[in-house]
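For reference, the chains in residue letters:
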Amino acid sequence: MEKLGEKRRVCVTGAGGFIASWLVKALLNKGFMVHGTVRDPSDEKNAHLKKLENASENLQLFKADLLDYNAVASAIAGCEGVFHVASPVPAIKVPNPEVELIAPAVTGTLNVLKACCEAKVKRVVVVSSVSAVMMIPNWPKDKVKDESCWSDTEYCRTTENWYCLSKTLAEREALEYAEKHGLDVVTVCPSFVIGPLLQPTVNSTSLFLINLLKGARESVENKRHNFVDVRDVVDALLLVYGKPEASGRYICTSHMIKFRDLVDMLKSIYPNYNYPKTFVEGDEGTLVTSEKLKMLGWECRRLEEILIDSVECYRNAHLLSKD
Ligand SMILES: NC(=O)c1ccc[n+]([C@@H]2O[C@H](COP(=O)([O-])OP(=O)(O)OC[C@H]3O[C@@H](n4cnc5c(N)ncnc54)[C@H](OP(=O)(O)O)[C@@H]3O)[C@@H](O)[C@H]2O)c1
């Protein structure tokens, strides 16, 4: 039972990651006590967490691999809510996807949910991905995908899209587990997340934009891409946590833009980076909607602001070789 005057306590898994760091910052700003799980609390890559405002009094770090149930359960004990953010997001193809991706995503999620049941957590917000929504073969190209769409796991396997498979299996398991055990679980499925970094290391999706600016790609497919800012993802996570009526899945995406138009927008603000020179027409890319999240009250930043804040952050951190 929460005692009068006692601070509300929540757990964030994978606290040192790109999205989770912004979430921890926002929760600390709102006055929550935060239990953050990290695999190695002494690693320099998690040092930024301790420097966040209110962290010295209100942030407690727990050492926990997602596959270690007891460690996960210790971090969740005493919390009213849990944000399950941790899951591997590899920048390159992994040699052993079952071990490196599927097990931490699926078994890790089940470990978190089991611990939530044991701790009588009131609501769990699980970070899934549009990867669990959009991998559907033979989908009509102008038909928009919404929360009723699920990636086809067989298709993910045959196309060796292991990350999509890991997120699809994990989210399905989460919602099934919730149903079976009467646990309140809400999932949020962000599209491609960019925005400024709080952590000292570079995560996979930020690396994609950094490499684009550094000229790593001469030629790119002129597909539609769906982007969302990391701070808007955090707003979505807090919104679904706080609204009692929130339930099921929520796609979280703000801007759909073709690659050539994205590069043109970047060029108009930052003309001197080493942008791709050729654009190959082909697959159109996916149309997804965040209407359900907007109906709950979610608002998002303009794309220009997201790009400027991202690039300025990379420049300040000397991540772009031209600086
Ligand atoms: N970035 C995107 O575009 C995007 C889009 C949709 C959904 N998502 C989802 O958002 C979440 C966070 O992603 P991110 O972009 O913030 O990437 P990130 O910075 O790489 O964060 C991933 C986190 O997962 C942790 N993790 C991985 N395997 C683990 C394990 N076995 N045990 C404990 N922790 C483990 C990592 O911890 P270590 O630091 O110890 O490795 C890291 O903190 C993921 O669930 C991802 O699928 C991301």
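Residues numbered from 1 in each chain as written. Predicted model: local features only at pLDDT ≥ 70, side-chain atom pairs only at ≥ 80, totals over all residues. Heavy atoms only, no water.

Draft legend 1. Just the state of the cysteines, in detail. Under the defined criterion, the tally for this structure stands at 0 disulfides. With no disulfide of its own, Cys 79 lies closest to Cys 11 among cysteine sulfurs, the gap being 5.2 Å. (Disulfide = S-S within 2.5 Å.)

Draft legend 2. Representation of the site of the ligand in the model. Around the ligand lies a shell of 26 residues, among which Arg 39, Val 85, Tyr 163, Lys 167 and Val 193 are the nearest. In the environment of the ligand, a nitrogen atom lies 2.9 Å from a nitrogen or oxygen atom belonging to the backbone of Leu 66. At 2.8 Å from an oxygen atom of the ligand is found a main-chain nitrogen or oxygen belonging to Val 193. Within the complex, 89% of the 880 Å² of free accessible area of the ligand lies under protein. Residue assignment for the shell around the ligand shows that the elements contributing at least two residues are helix 1 (18-29), helix 8 (162-181) and strand 7 (192-194). Considering only residue class, the shell around the ligand consists of 14 nonpolar, 8 polar and 4 charged. (Near = heavy atom within 4 Å. Polar contact = N/O pair within 3.5 Å; in protein donor to acceptor, adjacent residues only side chain to side chain. Areas by Shrake-Rupley, 256 points an atom, 1.4 Å probe, with all protein chains shown as cover. Helix = DSSP H or I, 4+ residues; strand = E, 2+ residues; numbered from the N terminus. Nonpolar A, V, L, I, M, F, W, Y, C, P; charged D, E, K, R; others polar.)

Draft legend 3. Up close: the sheet that holds strand 2 (residues 33-38). If you trace the 7 strands from one edge of the open sheet to the other, you get 3-2-1-4-5-6-10, paired in parallel fashion. Of all strands in the sheet, those with a lone pairing partner are strand 3 (59-63) and strand 10 (248-252), marking the two edges. Strand-to-strand twist across the sheet, computed as the mean angle between neighbouring axes with direction ignored, equals 20°. Direction of pairing for strand 5 (residues 123-127) relative to strand 6 (residues 185-190): parallel, over a ladder of 4 bridges. Across the sheet, the residue bridging to Val 126 is Thr 187, located in strand 6. (Pairing = 2+ DSSP bridges. Axes fitted to C-alpha atoms, helices over the stretch in contact; angles between N-to-C directions.)

Draft legend 4. Layout of the UniProt feature "domain: NAD-dependent epimerase/dehydratase" (unreviewed entry) in the chain. UniProt records the feature "domain: NAD-dependent epimerase/dehydratase" (unreviewed entry) for residues 10-247 in the present numbering. With 44% helix and 17% strand, the stretch residues 10-247 has end C-alpha atoms that lie 19 Å from each other. (UniProt positions renumbered as here; feature names shortened; annotations may be inferred.)

Draft legend 5. Main features of the environment of Lys 167. Structurally, Lys 167 can be placed in helix 8. Considered as a pair, Lys 167 and Pro 88 are 79 residues apart in the sequence and their alpha carbons are 9.6 Å apart. Ignoring anything within four residues of it in the chain, the contact list for Lys 167 reads Ser 87, Val 127, Ser 128, Ser 129, Ser 131 and Ala 132. (Contact = heavy atoms within 4.5 Å.)

Draft legend 6. Layout of the pairing of strand 10. Burial of strand 10 is extensive: 4 of the 5 residues sit out of reach of the surface. Pairing of strand 6 with strand 10 involves 5 bridges; the strand directions are parallel. Each bridged residue has a counterpart across the sheet, and for Pro 190 the counterpart in strand 10 is Cys 252. (Buried < 20%, exposed > 50% of the residue type's maximum accessible area, 1.4 Å probe, protein only.)

Draft legend 7. Examining unusual backbone geometry more closely. Backbone geometry places Asn 54, a non-glycine residue, at a positive phi of 75°. Tracing the backbone shows Asn 54 in the loop between helix 2 (47-50) and helix 3 (55-58). Judged by relative accessible area, which is 26%, Asn 54 ranks as partly exposed. You will see that Glu 160, though not glycine, has its phi angle at about 55°, which is positive. Structurally, Glu 160 is set in the loop between helix 7 (153-158) and helix 8. Judged by relative accessible area, which is 43%, Glu 160 ranks as partly exposed.

Draft legend 8. Up close: empty space enclosed by the protein. For the structure on display, the rule yields 1 cavity of 30 Å³ or more. The space that makes up the largest cavity amounts to roughly 70 Å³. Looking at the largest cavity, the residues that line it are His 84, Val 85, Ala 86, Ser 87, Ala 105, Thr 109, Val 126, Val 127, Ser 128, Lys 167, Ala 170 and Glu 171. Broken down by secondary-structure element, the contributors of at least two residues to the lining of the largest cavity are helix 5 (97-118), strand 5 and helix 8. When residues in the lining of the largest cavity are grouped by element, the largest group, 3 residues, is from helix 8. (1 Å grid on protein atoms, 1.4 Å probe; cavity = no way out; pocket = protein on both sides within 12 Å on 5 of 7 lines; lining within 4 Å. Points joined across faces, edges and corners; volume = space filled by probe spheres on them.)

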